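Listed here are the chains, written in short residue letters.
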Amino acid sequence: MAVLAESGSNPDVELLYDINGLAKDAPHWFDRVMEFVGEYGLLLAMVLLILGCWWSVRRRGGEDAAPSVAALVWAPLAAGLAVLVNVPIRGFVERPRPFVDHQGLDVLVSGKTDFSFVSDHATITMALGVGLFVAHRRFGLIGIGLALLEGFCRVYMGVHYPTDVVGGFALGTAVVLLLSPPATALLTPLMRAVERSPRAGWLVRRRSAAAGDRGNTLLPSARKPLDTEERDLAA
């Protein structure tokens, strides 16, 4: 398959050099930070963000707890599925890494020998971010922001073209949104079953919230003897 960007006059390549050129002017320690953040740090941050959203959802409880947890479960599943979809895409496009065809790039990560289009990191982080947005808007906006930062880091590190990142964003978003209805339709009943489990129910709703809900359902019946007693006294 033909390379997507061959010429230095290509806007994709020009933007690559502009962003990667920032690494040449940055201190060595900052490049090392960007290397860690772009390779591992933001992925870890996304995992922690999902855990934080799960903790918030189960703590709040309510009728929306099971659907929200189901949407959260779908986020990493969608990210994994998007990476699998990317395997044949990479094999079909066969786009080399930027540093293979273009000289003068400051490559912060060595050992990248696979194809470039599309970026797995961009695909995973955007799928997680959009999946979070489906479950919880505030956490989702933070996740999407982290995904955008991940895309910038991949170009800054000299391992991807900007269009590799955009393609990853599109792939991750498409997998999450297109398959979200059937996925949540399958996962929500499963999460409701887990919620009713005496042993695993804490995964969906904290025990005190569940106990409070059960206590609230008993209040009407608990008031009946009082109402009867008042009527007897009035008689």
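The structure contained in this document is the topic of the report that follows. (Residues numbered from 1 in each chain as written. Predicted model: local features only at pLDDT ≥ 70, side-chain atom pairs only at ≥ 80, totals over all residues. Heavy atoms only, no water.)

Looking now at a nonpolar patch on the surface. A cluster of nonpolar side chains, contributed by L81, L84, V85, L178 and L179, occupies part of the molecular surface with about 450 Å² of accessible area. Of all the elements in the fold, those that place two or more residues in the nonpolar patch are α3 (65-93) and α7 (162-196). Broken down by element, the residue count for the nonpolar patch peaks at 3 residues, all from α3. Among the structural elements, L178 can be located in helix α7. (Patch = residues over 30% accessible without salt bridge, like charges linked within 9 Å, V, L, I, M, F, W, Y side chains within 5 Å. Areas by Shrake-Rupley, 256 points an atom, 1.4 Å probe, with all protein chains shown as cover. Salt bridge = Lys/Arg side-chain N within 4 Å of Asp/Glu carboxyl O. Helix = DSSP H or I, 4+ residues; strand = E, 2+ residues; numbered from the N terminus.)

Attention now moves to the nonpolar core. Ranked by size, the top nonpolar core spans 55 residues in total, and within it L72, L132, Y156, M191 and V204 carry the most contacts. Counting residues per element, the ones that place at least two in this core are α1 (11-25), α2 (28-60), α3, α5 (120-135), α6 (137-156) and α7. Counting residues per element, this core draws most heavily on α3, at 12 residues. When sequence neighbours within four positions are dropped, the list of residues in contact with L132 reads M46, L49, I50, C53, L72, A75, F139 and G140. (Core = buried A, V, L, I, M, F, W, Y, C linked by side-chain atoms within 4.5 Å. Buried < 20%, exposed > 50% of the residue type's maximum accessible area, 1.4 Å probe, protein only. Contact = heavy atoms within 4.5 Å.)

The next subject is the side chain of S180. Within the secondary structure, S180 sits in helix α7. The buried category is assigned to S180, whose relative accessible area is 9%. With residues near it in sequence (within four places) discarded, S180 still touches W74, V134 and V175.

Counting across every chain of the model gives 8 salt bridges. The salt bridge partner of E35 is R32, with a shortest N-O separation of 2.8 Å. Of this pair, E35 and R32 both sit in helix α2, 3 residues apart, which is roughly one turn of that helix. Of the residues examined, E35 reaches a relative accessible area of 25% and is grouped as partly exposed. Overall, the relative accessible area of 33% leaves R32 in the partly exposed class. Notably, a salt bridge pairs R154 with E39, separated by 2.8 Å at the nearest N-O pair. In this pair, R154 sits in helix α6 while E39 sits in helix α2, placing the two residues 115 residues apart along the sequence. Pair check on accessibility: R154 and E39 agree, each one buried. Each of R90, R97, D114 and D120 takes part in a single network of salt bridges with overlapping partners.

This part is about the packing of aromatic side chains. Taken as a whole, this structure holds 6 aromatic pairs when the rule is applied. Consider the rings of F30 and Y156, whose centres lie 6.3 Å apart with planes at 80 degrees: the pair is edge-to-face. Residue F30 is located in helix α2, and its partner Y156 is located in helix α6; the two are separated by 126 residues in the primary sequence. The exposure class assigned to Y156 is buried, which follows from its relative accessible area of 2%. A ring pair is formed by W54 and W202, whose centres lie 6.4 Å apart and whose planes are at 70 degrees; its orientation type is edge-to-face. Pair noted here: W54 is in helix α2 and W202 is in the loop between α7 and α8 (207-234), with a separation of 148 residues, a long-range link. In this structure an aromatic cluster arises from ring pairing among W29, F30, F152 and Y156. (Phe/Tyr/Trp six-rings, centres within 6.5 Å; stacked < 30°, edge-to-face > 60°.)

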